[in-house]
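Take a look at the letters that make up each chain.
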Amino acid sequence: MTGRSSMSYYCFTFFIALMYLFLYVPIIVLVLFSFNDSTFPYIWKGFTLRWYSELWHSHEVWNAISNSLIVAFSSVVLSITMGILAVLYGSRNRLAQLLVLFYGTLAIPEIVVAVGLLSFFSFFSIPFGLTTLIAAHTLLGLGYVVPLIYGRYRELDYALTEASMDLGATRAQTFYRIIIPLLAPALLASALLVFVISLDDFIISFFCSGASTQTLPMYIFSMIRSGTTPVVNALSTGLLVVSSFLVLLFSSLNIKKVDMLP
Amino acid sequence: MRAETGFRSIFKQELPFFWATPAFVWQVLFLYIPLFLVLIYSILGNAGLSEYLTLEHYTALLDPMYAAILLRSFMLANVNALLCTLLAFPVAYYLAFFVTRFKNHLIFFLILPFWISFMVQIYAWFFVLEKHGLINSLLLNLGIISQPIHLLNTPFAIYLVMIYCYVPFAVMPIYSTLEKFDKRLLEASADLGATPWQTFLRVTLPLSALGIRTGFFLVLVPSFGEFVIPTLLGGGKQLYVGSLISHYFLLARNFNLGASFTCVSGIVLIISGISWYLLFRWAFNLSRRAQ
């Protein structure tokens, strides 16, 4: 390596290190301040764990967590079930061209989708709450599930299905014993993805939840607006741990999130 | 009995397509019908009993205030997409071509922000930008400034956090195209006498064009309607497209004006998207033919 190129290599490495610093310094500070023994959240006083115990006993937080989890689990189940049926039964006939409808959710800015849903629910006087949230998040989920499963399904060898049927398996047996195991990584990956996206979603939840239902991001949003306490830091640290765990799980499935981008 | 066999025969068809219908119905019911409804709201007269179609909600938008808001969001989205892509490319390039040790760890830490709650990421910046936050205490202790500088509630804070939140969206597609890239092409190009700069312009850039464009659009589209970051970090002093839309729909409950503004914003976004698409095609063709 010549002097000049090794010099530019070090500059390059330095730039990358700066980018990682940029990505992680705020998060590290956030985690540190969850152990800060001061009610005013921005000045360091000393070490404490009391924010975690306060988090544990906070009724409002648990309410938001349970809402978020109910919505996330329901939308995962609904979007995966409907998504896999749409791909299996819709991709080998004239409906296949219509699968393009599912790419719309990703291409349209989220706030436009949110505004549409709000208008729709108010136009038909549907009461806002968990039901509308689940409907909206399932829509969001379908936009990821169908492209991801469809992409994987097209790679499958149709001969395997034919062989299974030729050897006397029924359609249901073929479905459970051939197709589902082959699609399992894609199914699991899309389930994880929808779960995280649903937990993280703010805009659509903000528009479709009504006055009384609050999800986790909405709780943090209202705390930031109204003056925050280190409980939010403790909550954020908890969420960070969960996210890291999910990324590890996801990367072990060997599907990149970008693979399903149209 | 007859009805039952009819019903069963549908199940036993080669491809019982109606199993596929719930997803399609859901998609049309909760995405396409609502979008159509927004369009209808934008031309529906709100003059009491006389519910006729009108363009008054669009003429109301001729006020220069709306143009200023559209321009502000247009700037934010385009500058953000451009900066994110410019920052993301070297990171993706480095990871794809230079890193050998700890590659999986580096990629893990790059993917992680993707999965961290957006709201948590935004909240974290308050500890950096606040009056007693990290930047101010660092600068004060180093003696560079004597008074804390005002960082929160400024356009600077909005742009900074926008870049922070959207950079991973640009890195991932660029990285995945560079990763699949056959490295022998670079050696071939060098062997045939190309300078590193020529190789970059005529081999690397055209072959990663798709990833760059995907990354750019993944940032551009959501940042145009971004609502949370300008609201929380801009202190609500300056309106952006997202904040005005949510104001009309959630606070003012003026669905008609909100819908027409949403449609106009959508058109602005589509126009800027198409312009960027054409510009990218032109630029990549140019780079392929560069000397």
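Every value quoted in this text rests on a predicted model; they were computed, and no experiment measured them.

Reading the values: rules and limits
Residues numbered from 1 in each chain as written. Chains lettered and ligands numbered in written order. Predicted model: local features only at pLDDT ≥ 70, side-chain atom pairs only at ≥ 80, totals over all residues. Helix = DSSP H or I, 4+ residues; strand = E, 2+ residues; numbered from the N terminus. Rg over C-alpha atoms; globule rule 2.2 N^0.38 Å. Buried ≥ 20, exposed ≤ 12 C-beta atoms within 10 Å, placed from the backbone. Contact = placed C-beta atoms within 7 Å. Axes fitted to C-alpha atoms, helices over the stretch in contact; angles between N-to-C directions. Parallel < 35°, antiparallel > 145°, perpendicular 65-115°, else oblique. Left-handed = near helix turned anticlockwise from the far one by under 90°. Nonpolar A, V, L, I, M, F, W, Y, C, P; charged D, E, K, R; others polar. Expected span 1.5 Å × (residues − 1). Core = buried A, V, L, I, M, F, W, Y, C linked by C-beta atoms within 7 Å. pLDDT = per-residue confidence, 0-100.

## Let's talk about the overall build of chain B
And then number 1: When you go through chain B residue by residue, the secondary structure sums to 14 helices and 0 strands.
And then number 2: Starting at the N terminus, the α and β elements of chain B follow one another as α-α-α-α-α-α-α-α-α-α-α-α-α-α.
And then number 3: The globule rule puts the C-alpha radius of gyration for 291 residues at 19 Å, and the 25 Å found for chain B is more than 25% above it.
And then number 4: Along the first, second and third principal axes, the C-alpha atoms of chain B reach 70 × 65 × 40 Å.
And then number 5: Scored against the burial criterion, the 291 residues of chain B give a buried share of 36%.
And then number 6: Pairs at least 24 apart in sequence give 73% of the contacts found in chain B among residues at least 6 apart.

## Details of the overall build of chain A
And then number 1: Across its full length, chain A carries 11 helices and 0 strands.
And then number 2: Ordered by position in the sequence, the α and β elements of chain A form the string α-α-α-α-α-α-α-α-α-α-α.
And then number 3: The C-alpha atoms of chain A give 23 Å as radius of gyration, which overshoots the globular expectation for 262 residues (18 Å, by more than 25%).
And then number 4: With the principal axes as the frame, chain A shows a C-alpha extent of 70 × 70 × 30 Å.
And then number 5: Burial statistics for chain A: of 262 residues in total, 41% are counted as buried.

## Some points on the packing of helix H6 (residues 118–129) of chain B against helix H8 (residues 155–180) of chain B
Residues and elements named next belong to chain B.
And then number 1: In the contact formed by H6 and H8, the axes pass within 11 Å of each other and the chain directions differ by 135 degrees. As judged from the angle between their axes, H6 and H8 are oblique. The handedness of the crossing between H6 and H8 comes out as right-handed. Every residue of H8 that contacts H6 at Phe118, Gln121, Ile122, Trp125 and Leu129 is listed here: Ala157, Val161, Tyr164 and Cys165.
And then number 2: Looking at the contact of H6 with H8 residue by residue, the class counts come to 8 nonpolar, 1 polar and no charged.

## Brief notes about H6(B)
And then number 1: With 12 residues, H6(B) extends 17 Å from end C-alpha to end C-alpha; this agrees with the ideal 16 Å at 1.5 Å per step.
And then number 2: Every buried residue of H6(B) is listed here: B:Met119, B:Val120, B:Gln121, B:Ile122, B:Tyr123, B:Ala124, B:Trp125, B:Phe126, B:Phe127, B:Val128 and B:Leu129.

## So, the nonpolar core
And then number 1: With 137 residues, the main nonpolar core has A:Ala114, A:Leu117, A:Phe207, B:Val161, B:Ala170 and B:Val171 as its most contacted residues.
And then number 2: Ranked by residues supplied to this core, first place goes to H8(B) with 15 residues.
And then number 3: If sequence neighbours within four positions are ignored, A:Ala114 has contacts with A:Ile203, A:Ile204, A:Phe207 and A:Cys208.

## A look at the interface of chain B and chain A
And then number 1: Facing 63 residues of chain B, the contacting portion of chain A comprises 69 residues.
And then number 2: For the side of chain B that touches chain A, the element with the highest residue contribution is helix H2 (residues 21–43) of chain B, accounting for 13 residues.
And then number 3: Residue composition of the side of chain B that touches chain A, by class: 51 nonpolar, 11 polar and 1 charged.

## Focus: the environment of A:Met82
And then number 1: Positionally, A:Met82 belongs in helix H3 (residues 59–90).
And then number 2: Note on A:Met82: 24 C-beta atoms within 10 Å, which makes it buried.
And then number 3: The spatial distance from the C-alpha of A:Met82 to the C-alpha of A:Leu118 is 23 Å, given a sequence separation of 36 residues.
And then number 4: Excluding anything up to four places from it in sequence, A:Met82 contacts A:Leu142, B:Pro22, B:Ala23 and B:Trp26.

## As for the confidence of the model for chain A
And then number 1: On average, chain A scores 86 in pLDDT, and the residues at 70 or more come to 94%.
And then number 2: Counted against residues more than four places away or in other chains, residues 256–262 of chain A, with its pLDDT under 50, gives 17 contacts.

## Some details on unusual backbone geometry
All names here are of chain B.
And then number 1: One non-glycine residue, asparagine 153, lies in the positive phi region at around 60 degrees.
And then number 2: Secondary-structure assignment places asparagine 153 in the loop between helix H7 (134–141) and H8.
And then number 3: On the basis of neighbour count, asparagine 153 is assigned to the partly exposed category, with 16 C-beta atoms found within 10 Å.
And then number 4: For arginine 253, which is not glycine, the phi torsion reads 50 degrees and is therefore positive.
And then number 5: Note on arginine 253: 9 C-beta atoms within 10 Å, which makes it exposed.

## Looking at the environment of B:Tyr248
Residue and element names in this part refer to chain B.
And then number 1: When you line up the elements, tyrosine 248 lands in helix H13 (residues 241–251).
And then number 2: Judged by local crowding, tyrosine 248 falls into the partly exposed class, with 19 C-beta atoms found within 10 Å.
And then number 3: Taking the C-alpha atoms as reference points, tyrosine 248 and glycine 258, separated by 10 residues in sequence, lie 5.0 Å from one another.

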